[in-house]
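Structural description and commentary
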Amino acid sequence: LFLAPETPEKAIKVDDIRQLCQALTLTSQYEGYKIALIASADNMNVNAANSLLKTLEEPGANTLLILISSKAYRLPVTIRSRCQAIKFNIPEYEAARQWLESQAVENAAAYLSLAHGAPLKALGLADAESKERRKVLNEALIAVADSRPVTEWAEKLAKYPSNELLDWLYDWLVDMIKQKAGQQPIFTPDSHSMRQIVAHVRETDLFILLDEVISLKKMQSISLNTQMFWEDLLISWNRIIKRA
């Protein structure tokens, strides 16, 4: 049995988990193991996670549940405490870089940094659609900093996977904070406009916006009005620029 969210930003709902648990109560056709694989398990909403608890505590005979998550910290403690954790570390940097180059990825080192060393994620970031989404996010930050209408850009950003954009924005803000401390940038878009913004914005304001992004990242399993939260984020961004 396999269960995964419809798209990366969608939640796994309680009805999905109930159907999975019900299927696990059925007799195996060949009297072997019944195996359930839940991909992106951290996307379970609260009700879905609670619905899974009883099956995790008392699985049927010859039943194996596998929960896959790249963000295990988002799983409720009640779920984590009932699972045996098996961690898969990222491959060695040089091996990952060489593999990306074998996949015809140009500037593999940059994409590997953007993906925090995860080669499959880096491969996805190198495709044209992903590049376009990062470009639009960069343009939105520059435009709003120049007092362009927030609603127009929030509407554009709302069309893209919010978890992906929030991950990039988180990395960019952390990078900006590091730049304020005199460190070399890794993730921040290398454009004259962004460098000027980073030079003048206050470090404390960047931390405030970073907290806002972290809160939204934690709420991705909840159904949110995507355009509205992008409007709020861009208004906060404009505010810290004006205070600079």
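Everything numeric in this text was worked out from a predicted model, so none of it was measured.

Details of the environment of Ser40
Position of Ser40 among the secondary structure elements: in the loop between β2 (34-38) and α2 (46-57). Assessed through its relative accessible area of 33%, Ser40 is described here as partly exposed. Separated by 131 residues in the primary sequence, Ser40 and Asp171 have C-alpha atoms spaced 21 Å apart. Among all residues touching Ser40, those that are not within four sequence positions of it are Pro5, Ile12 and Ile68.

Things to note about the pairing of strand β3 (residues 63-67)
By the bridge criterion, five bridges tie β2 to β3 in an arrangement that is parallel. Within the sheet, the bridge partner assigned to Lys34 lies in β3 and is Thr63. Between β2 and its parallel partner β3, the chain crosses via α2, and the hand of that crossover is right-handed.

Points about the sheet that holds β3
Here we have three strands laid out as an open sheet, ordered β1-β2-β3, and parallel in their pairing. Every interior strand has two partners, whereas the edge strands, β1 (2-3) and β3, have only one. As defined by bridge partners, β1 adjoins β2 across two bridges and the pair is classed as parallel. Paired with Leu3 across the two strands is Ile38, which belongs to β2. Most of the contacts of helix α1 (residues 14-24) go to β2, to which it runs at about 165 degrees, and overall it touches β1, β2 and β3.

Looking at a nonpolar patch on the surface
Residues Tyr33, Ile35, Leu64, Ile66 and Ile68 make up a contiguous nonpolar surface patch of about 470 Å² in total accessible area. For Leu64, a relative accessible area of 39% translates into the label partly exposed.

Quick word on helix α9 (residues 162-180)
Here α9 contains 19 residues, and its C-alpha end-to-end distance of 27 Å stays within 8% of the 27 Å for a straight helix at 1.5 Å per residue. Within α9, 14 of the 19 residues are buried, which leaves the element mostly enclosed by the surrounding structure. After α9 finishes, the residue Gly182 shows a positive phi value of roughly 90 degrees.

Brief notes about helix α4 (residues 93-102)
Along α4, the residues classified as buried are Ala96, Arg97 and Leu100. Taken down its axis, α4 places every buried residue within 100 degrees of arc, on the same side. Residues of α4 that are buried sit in contact with α5 (108-114) and α6 (119-125).

Here we look at the nonpolar core
Membership of the largest hydrophobic core comes to 46 residues, with the highest contact counts inside it found for Leu173, Trp230, Leu233 and Trp237. In this structure Trp237 touches Leu141, Val144, Ala145, Leu173, Met176, Ile197 and Leu209, once residues within four positions along its chain are discounted. The next biggest cluster of nonpolar side chains, apart from the first, holds 18 residues, and it includes Leu20, Ala48, Leu65 and Leu75.

Concerning the packing of aromatic side chains
Taken as a whole and judged by the stated rule, the model has one aromatic pair. Arranged with centres 5.6 Å apart and planes meeting at 35 degrees, the rings of Phe229 and Trp230 form a pair that is tilted. Trp230 shares its class with Phe229; the two are buried. We note Arg134 situated over the ring of Trp168; from NZ or CZ to the ring centre the distance is 5.2 Å.

Structural notes on the side chain of Lys71
As for its position among the elements, Lys71 is in the loop between β3 and α3 (77-80). Ignoring anything within four residues of it in the chain, the contact list for Lys71 reads Asp42 and Asp167.

Comments concerning unusual backbone geometry
Positive phi, normally seen in glycine, also occurs at Ser40, with a value near 50 degrees. Despite not being glycine, His116 has its phi angle at roughly 55 degrees, a positive value. Mapped onto the fold, His116 is located in the loop between α5 and α6.

Reading guide: rules and limits
- Residues numbered from 1 in each chain as written.
- Predicted model: local features only at pLDDT ≥ 70, side-chain atom pairs only at ≥ 80, totals over all residues.
- Heavy atoms only, no water.
- Helix = DSSP H or I, 4+ residues; strand = E, 2+ residues; numbered from the N terminus.
- Buried < 20%, exposed > 50% of the residue type's maximum accessible area, 1.4 Å probe, protein only.
- Contact = heavy atoms within 4.5 Å.
- Pairing = 2+ DSSP bridges.
- Right-handed = clockwise from strand over helix to strand, strands pointing away.
- Axes fitted to C-alpha atoms, helices over the stretch in contact; angles between N-to-C directions.
- Patch = residues over 30% accessible without salt bridge, like charges linked within 9 Å, V, L, I, M, F, W, Y side chains within 5 Å.
- Areas by Shrake-Rupley, 256 points an atom, 1.4 Å probe, with all protein chains shown as cover.
- Salt bridge = Lys/Arg side-chain N within 4 Å of Asp/Glu carboxyl O.
- Expected span 1.5 Å × (residues − 1).
- Arc of directions from axis to C-beta.
- Core = buried A, V, L, I, M, F, W, Y, C linked by side-chain atoms within 4.5 Å.
- Phe/Tyr/Trp six-rings, centres within 6.5 Å; stacked < 30°, edge-to-face > 60°.
- Lys NZ or Arg CZ within 6 Å of the ring centre and 35° of its normal.

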